[in-house]
Amino acid sequence: MKWKREWKPLVIFTAIFLVFFYLPVGNSRFNDSIIEAFRLTKWYAREHILLCLVPAFFIAGAIAVFISQESVMKYLGSKANKILAYGVASVSGSILAVCSCTVLPLFAGIYKMGAGLGPAVAFLYSGPAINVLAIILTARVLGLKLGIARAVGAILFSIIIGLLMQMFFPDNKQDEEKQAIVIPAESTHRPLWQNGIYFAVMVIILIFANWGESDRVAGIWYAIYSYKWLITGVAALGLAVILVKWMKVVLWKVIAAVVPTFVLALAFPQNPLISFGAGVIGLSLIINSTKGEANNWLEQTWGFTKQILPLLFFGVLVAGFLLGRPGHGGIIPSHWISNSVGGNSLGANLFASVAGAFMYFATLTEVPILQGLMGNGMGKGPALALLLAGPALSLPNMLVIRSVMGNKKTFVYVSLVVVMATITGMIFGAMF
Amino acid sequence: MKKIIILGTGCSRCNDLMENTEKAVKNLNLDCEVEKVSDLQQIMKYGVMMVPALVIDDEVKLVGKVPSVEELKDILFNE
């Protein structure tokens, strides 16, 4: 036998054998955890996928197609205004990148060929931390406060960390011969106000379709709640008009998509998911059969979906198994979690940020994991600390960063993120 | 002989571009070498910040895009 080649399958088989040999089937804690995994996944499938994630994927896809990357990169080039560069770098992560595999080349590019260390670090931090999908899902699952704290925290963090890095390493010599950045050619230009309306309509659909029931049956929030589907429907009609007017979709196709959606909404008023689903399918079909931007939009949307959904699915299953749902424990004993990250002590916040910094979270999986941790007694402060340190850093991405900017700068960057996440966590925990 | 290089960090879109390019080369019966470069330092040398990218004879042709096989055939044919 060729051991050099065959040892891998052997090790895998042995490992699987041992897992099943000792599998504690029948143990009530283990059985409960398995059930919890499925319950949590079912809850995500029912509550979050269709109304929240699907529109969010369409928005992320639209951002990738309709916001010109050229116009953003202009502010991060070597001749860019430094102050402006920090501002743009801190928010452009939400526009340019969804996963760290696209963030790293951009980071290396801004550092080596563009605006330099500070803005590059600002971008590196904000890229994975404030992407649209992550903020939307955080706000939806973990609560609006934590969602907003995450977005605002990430933007402020990225600017402060970028400035501090530039301050610590001021005489950062860049390569003398700067390579010119190659920027993708523009195809079409749409006026800013059209893009603005287009994105506003989609955001309105996302927000109102997910409008939660309020505790009281009166007042403005309840009024909005009772009209949420009407508002969502009007916004959807607005999107239909935009498709015809600006995206050159043929009128009869749009009508063919709108009519079934409308009929289903009237036929099943108690179950808006049916009509919503029909609308999504109709939209996908008509933009698929329209050449150009519209088709590109669907392709990007599908690309994100393909990239993120499988990982999220496994992330939810594993989080459900390990941590359970709020109120129901998983395989990990609750007191472990409440002991290490419960309350709002310095230790809890520090532990959460260090653990977050080294752990690798696939895009969006930090949300179910945190939900489980919080359900088992993790404090709000440590939760925010983990959100601020977690997605931006992981062991694999530290290694890549090291190869770009060296040991010393990487060490300082990681320490800055951990220290600031800890402090911010403590402040947030004390306030809420 | 043309030298075609795909720049990518190993994401799925990069693999798509690699596949499509190989198909296009095969369809056109071109005598080309398709190579993949995934080292970040190397990618920077081309001035590319958005992956995947397509380089033909040291000239960057595409950045951050995955065209279909047909579109790639057009690009290769014009070279």
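One can find the structure itself at the top, above this paragraph.
In what follows, the accompanying structure is described. (Residues numbered from 1 in each chain as written. Chains lettered and ligands numbered in written order. Predicted model: local features only at pLDDT ≥ 70, side-chain atom pairs only at ≥ 80, totals over all residues. Heavy atoms only, no water.)

## Examining the overall build of chain A
Stage number 1. Counting its secondary structure elements, chain A contains 19 helices and 0 strands.
Stage number 2. Radius of gyration (C-alpha) of chain A: 24 Å, near the 22 Å computed for a compact globule of 432 residues.
Stage number 3. C-alpha extents for chain A along the principal axes are approximately 65 × 65 × 60 Å.
Stage number 4. Counting the 432 residues in chain A, one finds 47% classified as buried.
Stage number 5. By element, 70% of the accessible surface of chain A is carried by carbon and sulfur atoms, the whole surface being about 21,600 Å².
Stage number 6. Of the side-chain charges in chain A, 30 are positive and 15 negative, and the distance between the mean point of each set is 2 Å. (Helix = DSSP H or I, 4+ residues; strand = E, 2+ residues; numbered from the N terminus. Rg over C-alpha atoms; globule rule 2.2 N^0.38 Å. Buried < 20%, exposed > 50% of the residue type's maximum accessible area, 1.4 Å probe, protein only. Areas by Shrake-Rupley, 256 points an atom, 1.4 Å probe, with all protein chains shown as cover. Lys, Arg positive; Asp, Glu negative; His and termini not counted. Charge placed at Lys NZ, Arg CZ, Asp CG, Glu CD.)

## Examining the overall build of chain B
Stage number 1. Within chain B one finds 3 helices and 4 strands.
Stage number 2. Beginning at the N terminus, the succession of helices and strands in chain B can be written as β-α-β-α-β-β-α.
Stage number 3. Relative to its length of 79 residues, chain B is compact, with a C-alpha radius of gyration of 11 Å against a globular reference of 12 Å.
Stage number 4. Principal-axis analysis of the C-alpha atoms places the extent of chain B at approximately 30 × 25 × 15 Å.
Stage number 5. Taking all contacts inside chain B whose residues are at least 6 apart in sequence as the whole, residues at least 24 apart take part in 67%.
Stage number 6. About 4,000 Å² of surface is accessible on chain B, with carbon and sulfur atoms providing 44% of the total.
Stage number 7. Each charge class in chain B was averaged separately, 10 positive and 14 negative side chains, and the resulting centres sit 2 Å apart. (Contact = heavy atoms within 4.5 Å.)

## Describing the pattern of salt bridges
Residues and elements named next belong to chain B.
Stage number 1. For the structure shown, the criterion picks out 6 salt bridges over all chains.
Stage number 2. Between Lys3 and Glu35 there is a salt bridge, with its nearest N and O atoms 3.6 Å apart. Here the residue Lys3 occupies a position in strand S1 (residues 2-7), and Glu35 occupies one in strand S2 (residues 32-37), the gap between them amounting to 32 residues.
Stage number 3. Residue Lys3 is classed as partly exposed on the basis of its relative accessible area, which comes to 38%.
Stage number 4. Taking the relative accessible area as the measure of exposure, Glu35 reaches 31% and is therefore partly exposed. (Salt bridge = Lys/Arg side-chain N within 4 Å of Asp/Glu carboxyl O.)

## Observations regarding the sheet that holds S2(B)
Residue and element names in this part refer to chain B.
Stage number 1. The sheet built from 4 strands is open, its strands ordered S2-S1-S3-S4 with mixed pairing. Every interior strand has two partners, whereas the edge strands, S2 and strand S4 (59-63), have only one. Averaged over all neighbouring strand pairs, the angle between strand axes comes to 20°, with direction disregarded.
Stage number 2. Sitting on the sheet, helix H1 (residues 12-28) is in contact with S1, S2 and strand S3 (53-56), with an inclination near 175° to S2.
Stage number 3. Taken strand by strand, helix H3 (residues 69-78) contacts S1, S3 and S4, and its axis lies near 25° from that of S3. (Pairing = 2+ DSSP bridges. Axes fitted to C-alpha atoms, helices over the stretch in contact; angles between N-to-C directions.)

## Some thoughts on the nonpolar core
Stage number 1. Membership of the largest hydrophobic core comes to 131 residues, with the highest contact counts inside it found for A:Tyr125, A:Ile161, A:Tyr198, A:Trp297 and A:Tyr413.
Stage number 2. No other element matches the 14 residues that helix H2 (residues 28-66) of chain A contributes to this core.
Stage number 3. In this structure, A:Ile161 is in contact with A:Val121, A:Tyr125, A:Tyr413, A:Leu416, A:Val417 and A:Met420, ignoring residues within four places of it in sequence.
Stage number 4. Counting 13 residues, the second largest nonpolar core, distinct from the first, contains B:Ile4, B:Leu17, B:Met18 and B:Leu62. (Core = buried A, V, L, I, M, F, W, Y, C linked by side-chain atoms within 4.5 Å.)

## Topic: the packing of helix H16 (residues 346-358) of chain A against helix H18 (residues 380-389) of chain A
Residue and element names in this part refer to chain A.
Stage number 1. In the contact formed by H16 and H18, the axes pass within 8 Å of each other and the chain directions differ by 25°. Classified by the angle their axes make, H16 and H18 are roughly parallel. Note that H16 runs across H18; the crossing there is right-handed. Side by side, H16 and H18 meet where Ala348, Asn349, Ala352, Ser353, Gly356 and Ala357 of the first sit next to Gly381, Pro382, Ala385, Leu386 and Ala389 of the second.
Stage number 2. Here the contact of H16 with H18 is built from residues that sort into 7 nonpolar, 4 polar and no charged. (Parallel < 35°, antiparallel > 145°, perpendicular 65-115°, else oblique. Left-handed = near helix turned anticlockwise from the far one by under 90°. Nonpolar A, V, L, I, M, F, W, Y, C, P; charged D, E, K, R; others polar.)

## A closer look at the packing of aromatic side chains
Any two aromatic rings considered together are summarised by their centre-to-centre distance and by the angle between their planes.
Residue and element names in this part refer to chain A.
Stage number 1. Evaluated as defined, the whole model comprises 13 aromatic pairs over all chains.
Stage number 2. The interplanar angle of 80° and the centroid separation of 5.7 Å between the aromatic rings of Phe58 and Trp297 together place this pair among those described as edge-to-face. In this pair, Phe58 is assigned in helix H2 and Trp297 in helix H14 (residues 293-323), connecting sequence segments 239 residues apart. The pair Phe58 / Trp297 is uniform in exposure class, with both members buried.
Stage number 3. Three or more aromatic residues joined by ring pairs make a cluster, and in this case those are Phe58, Tyr198, Phe199 and Trp297.
Stage number 4. Across the ring face of Phe169, the terminal group of Lys409 is positioned such that the distance to the ring centre comes to 5.3 Å. (Phe/Tyr/Trp six-rings, centres within 6.5 Å; stacked < 30°, edge-to-face > 60°. Lys NZ or Arg CZ within 6 Å of the ring centre and 35° of its normal.)

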